Amino acid sequence: MHMAEHEEVVNAVVARLRELLPDTPVDELTEDRDLRDFAAFDSLGVLELLVWLEGRFSVSIPDEELIVDNFTTVGKMADYVVARSSTAVVD
């Protein structure tokens, strides 16, 4: 068990996005790419990914932090998880 590291979170989120967006070329799923650019990544996809993040990395995302700017890129998601995983552990 260990704290979530940025690269570990990025890799896990990209792998999950590959499942959610199977028709998207892998090289387009980068750390800095705005996920709003993908038409197939709709509000349901966002919700599913956030619920997955909470479960996978044992973090809680309070309603007041459900701000689009916190989750527009894989890198921002990773930053969010790492910042909140100081007491959480990753399987």
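Before reading further, recall that the structure is shown in the block above.
Residues numbered from 1 in each chain as written. Predicted model: local features only at pLDDT ≥ 70, side-chain atom pairs only at ≥ 80, totals over all residues. Heavy atoms only, no water.

A. Region of interest: the overall build of the chain. When helices and strands are tallied, the chain shows three helices and zero strands. Against the 2.2 N^0.38 benchmark of 12 Å for 91 residues, the chain shows a C-alpha radius of gyration of 12 Å, consistent with a compact globule. Each principal axis of the C-alpha atoms in the chain carries an extent, and together these give about 35 × 25 × 20 Å. Each of the 91 residues in the chain was classed as buried or not, and the buried ones make up 36%. Intrachain contacts of the chain at a sequence separation of at least 6 include 67% that bridge at least 24 residues. Total accessible area computed for the chain in this model is approximately 5,400 Å², and 52% of it derives from carbon and sulfur atoms. Within the chain, one finds 7 positive and 20 negative side-chain charges whose respective centroids are separated by 1 Å. (Helix = DSSP H or I, 4+ residues; strand = E, 2+ residues; numbered from the N terminus. Rg over C-alpha atoms; globule rule 2.2 N^0.38 Å. Buried < 20%, exposed > 50% of the residue type's maximum accessible area, 1.4 Å probe, protein only. Contact = heavy atoms within 4.5 Å. Areas by Shrake-Rupley, 256 points an atom, 1.4 Å probe, with all protein chains shown as cover. Lys, Arg positive; Asp, Glu negative; His and termini not counted. Charge placed at Lys NZ, Arg CZ, Asp CG, Glu CD.)

B. Looking closely at the packing of helix H1 (residues 6-20) against helix H2 (residues 43-57). The interhelical angle for the contact between H1 and H2, taken along N-to-C directions, is 140 degrees, at an axis separation of 11 Å. Looking at the two axes, H1 sits oblique to H2. The chirality of how H1 crosses H2 is right-handed. Of the residues in H2, those touching H1 at Glu-8, Val-9, Ala-12, Val-13, Arg-16, Leu-17 and Leu-20 are Gly-45, Glu-48, Leu-49, Trp-52, Leu-53, Arg-56 and Phe-57. (Axes fitted to C-alpha atoms, helices over the stretch in contact; angles between N-to-C directions. Parallel < 35°, antiparallel > 145°, perpendicular 65-115°, else oblique. Left-handed = near helix turned anticlockwise from the far one by under 90°.)

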